[in-house]
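Observations on the three-dimensional arrangement
Letter by letter, the chains look like this.
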Amino acid sequence: MNPRNLIMCVTPLQMIIARKIIELNPDEKFDLLVLALEDNEKYRYYYERLKKICINSLYIVSKPGLLGFADYIKQLKVNSLNIKYQNMYLASIDSRHFQYIVSKNQGGNLYTFDDGVANIIPSDPYYLNSKPKMLKRIVWRSFGIKYYMKDLKDISLLHYTIYKDIPNIIENTYYLPLFSKKINTQKMHGLQRTVNFYLGQPLIELSKKFDIHYVENSINKLKIDYYYPHPREIVYPKGDFEMVESPLIFEDYIIEFLKNNPNATMNVFSFISTALLSIMSLDRVKVIYIHNSEIFELYHSFYDLAKESFCIPHIDLDKEFLS
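Reference entry: report on the structure contained in this document. (Residues numbered from 1 in each chain as written. Predicted model: local features only at pLDDT ≥ 70, side-chain atom pairs only at ≥ 80, totals over all residues. Heavy atoms only, no water.)

**Thoughts on the overall build of the chain**
From N to C terminus, the chain includes twelve helices and 13 strands. For 323 residues, the compact-globule estimate of 2.2 N^0.38 gives 20 Å, and the C-alpha radius of gyration of the chain, at 21 Å, lies within 12% of that figure. The principal-axis extents of the C-alpha atoms in the chain amount to approximately 60 × 45 × 35 Å. Across the 323 residues that make up the chain, the buried fraction comes to 52%. Looking at the chain as shown, the accessible area adds up to about 16500 Å², and 51% of this sits on carbon and sulfur atoms. Distance between charge centres in the chain, computed from 39 positive and 36 negative side chains, equals 7 Å. (Helix = DSSP H or I, 4+ residues; strand = E, 2+ residues; numbered from the N terminus. Rg over C-alpha atoms; globule rule 2.2 N^0.38 Å. Buried < 20%, exposed > 50% of the residue type's maximum accessible area, 1.4 Å probe, protein only. Areas by Shrake-Rupley, 256 points an atom, 1.4 Å probe, with all protein chains shown as cover. Lys, Arg positive; Asp, Glu negative; His and termini not counted. Charge placed at Lys NZ, Arg CZ, Asp CG, Glu CD.)

**What about a positive patch on the surface?**
Together, Lys77, Lys84, Lys104, Arg141 and Lys146 give the surface a local cluster of positive charge. For Lys104, a relative accessible area of 41% gives the class partly exposed. (Patch = residues over 30% accessible without salt bridge, like charges linked within 9 Å, V, L, I, M, F, W, Y side chains within 5 Å. Salt bridge = Lys/Arg side-chain N within 4 Å of Asp/Glu carboxyl O.)

**Brief notes about the sheet that holds strand 2 (residues 29-36)**
What holds strands together in a sheet is hydrogen bonding between their backbones, with the strands either parallel or antiparallel. The strand order 3-2-1-4-5-6-7 describes an open sheet built from seven strands, whose pairing is parallel. The open sheet has two edge strands, strand 3 (57-61) and strand 7 (173-175), and neither has a second partner. On average, each strand axis in the sheet is tilted by 20 degrees relative to the strand beside it, whichever way the strands run. Taken together, the three bridges between strand 5 (residues 109-113) and strand 6 (residues 156-161) define a ladder with parallel strand orientation. Considered in strand 6, the bridge of Phe113 is made with Tyr160. (Pairing = 2+ DSSP bridges. Axes fitted to C-alpha atoms, helices over the stretch in contact; angles between N-to-C directions.)

This is the structure we're talking about:
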């Protein structure tokens, strides 16, 4: 009898990695659980694509509080995802929703995979082994949660990573490149052009200083041709560039752009987006991180990692573009 597996995701990137894991195990049956942090076109697009290769699937928009968690447990039962699984796969080891499932499947095999750059920055909370305070543990225990982050790291049999030869939260890793198939992104002969992409981020969440005017000034300095917005950006800047609208996440969009523009090379700029780490190895793509002194101070460990481990340059917008 083929084992019944459950694969759990919270982001479109995780759904892409999940698909590759499922393809590595063609003889096994997978159920799918997506706990969406946001409900938008991108989430729905990748969920609908992934569910086609799964037996049973459930898409839940996360609700806050204990009542939301109780509703989550109810949805698992209604949709028959409360069964015993032989193998479980997840990336977000901090998720109480996923810790609940692992706790309910004691004796099952656990496998983990990357949740973006959180897996490779030593200062990230994923590297901490703290547990909730006693009172909270009692509350979560009443819901059936017995395992927390450290427990999941300890029992994970194997960790699938998209970052080659980079230390991870779990030592036993299996390299799973994001672009595993041969992609025709080679430059064609003839007229060539260079385009500048900016990958947007909700910088206003860091500080009110990084409002729309700050973003517009940054883009003007970089002479951006295409702006790819982040789902959490509320207000978009204006300027002499094209605003990209696509159901694809940035990594997939860049692949399509390269295929459709064989004579184009591109520079891709962003502040702290981990998507740049995923596309840096593509032909005709150069990635550059940008910052000012305040953002660098907040995320210096990330910028140092990008430069030292991935050889990605970063530039200070306040120094490189002085008038």
